[in-house]
Amino acid sequence: MVRFLAVGGLATAVSFVGFNALAHGLLFGTAPLRSHPIVAYVLANVVAGVVAYVGIRLWAFRERQASDQTTGVVRFFVLGALTMAIPVVCLWISRYVLGLSSPLADNVSANVIGLGISTATRFWVFRRFVFDQPVVREPWRPPA
């Protein structure tokens, strides 16, 4: 779980910086997607999703395999997209129901509340439906 959270932390940093750069002008001074925060969030999270897949596959769940490698990748991104709906809905509610549009409101709704809920959901979903087979390893034996 610690490795999963570490990879998630890196992916979260990629998502956070990307979203804030696109929607609020962090690093650029201008926000190319200021009027489209949902699109900005989704784009930043697509990039973060690739970072997460590589880290999870090569490190966090290296002792587990997908029962079928091709469907494992598809499941990872489909289930990741479905669980990404949680922070998107939180951001949408904050923006369009509550009328909050500050960088603080966007980040609390999407990157604290929404991401917290979706992280717990992703851990269970990926372990159950993507990396569902423990790797069988031969016990170590000293050379004869």
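Residues numbered from 1 in each chain as written. Predicted model: local features only at pLDDT ≥ 70, side-chain atom pairs only at ≥ 80, totals over all residues. Heavy atoms only, no water.

1. A look at the pattern of salt bridges
Which entries qualify depends on this criterion: The working definition used for a salt bridge is a side-chain nitrogen of Lys or Arg within 4 Å of a carboxyl oxygen of Asp or Glu. Strands here mean DSSP runs of E at least two residues long; helices mean DSSP runs of H or I at least four residues long; both are numbered from the N terminus. The rule is simple: take the accessible area with a 1.4 Å probe, protein chains only, and divide by the maximum for that residue type; under 20% is buried, over 50% is exposed, in between is partly exposed.
Within this structure, the stated rule accounts for 1 salt bridge. The residue Asp106 makes a salt bridge to Arg95 at a minimum N-O spacing of 2.7 Å. In this pair, Asp106 sits in helix H4 (residues 103-130) while Arg95 sits in helix H3 (residues 69-97), placing the two residues 11 residues apart along the sequence. Neither Asp106 nor Arg95 differs from the other in exposure class; each is buried.

2. A few points about the environment of Val54
Its location among the elements puts Val54 in helix H2 (residues 37-60). Residues Val54 and Val7, spaced 47 residues apart in sequence, show a C-alpha to C-alpha distance of 9.0 Å.

3. Let's talk about H3
Just so we agree on the cut-off: Multiplying 1.5 Å by the helix residue count minus one yields the expected span of that helix.
Look at H3: 41 Å from first C-alpha to last across 29 residues, which is about the 42 Å you get at 1.5 Å a residue. Every buried residue belonging to H3 is among Gly72, Phe76, Leu79, Gly80, Thr83, Met84, Pro87, Val88, Cys90, Leu91, Ser94 and Arg95, and all of these are buried. Phi for Gly99, located one or two positions after H3, is positive at around 75°.

4. Looking at the nonpolar core
Heads up, the rule is: Within this scheme, the nonpolar core is defined by two criteria: the residues are buried Ala, Val, Leu, Ile, Met, Phe, Trp, Tyr or Cys, and they are joined through side-chain atoms within 4.5 Å. Residue contacts are defined here by distance: any two heavy atoms, one from each residue, within 4.5 Å place the two residues in contact.
Counting 14 residues, the largest nonpolar core has Ile56, Phe61, Phe76, Phe126, Val130 and Phe131 as its most contacted members. What Phe126 contacts, discounting residues up to four positions off in sequence, is Phe4, Ile56, Phe61, Phe76, Leu79, Gly80 and Phe131. The next biggest cluster of nonpolar side chains, apart from the first, holds 11 residues, and it includes Leu33, Tyr41, Val88 and Leu115.

5. Details of H4
Here is the rule we go by: Across the chain, bend at a residue is computed as the angle between axes fitted to the seven residues ending at that point and the seven starting from it.
Relative to the 40 Å expected for 28 residues at 1.5 Å per residue, H4 spans just 34 Å between its end C-alpha atoms, considerably shorter than the ideal helical length. Largest kink in H4: about 40°, centred on Leu115.

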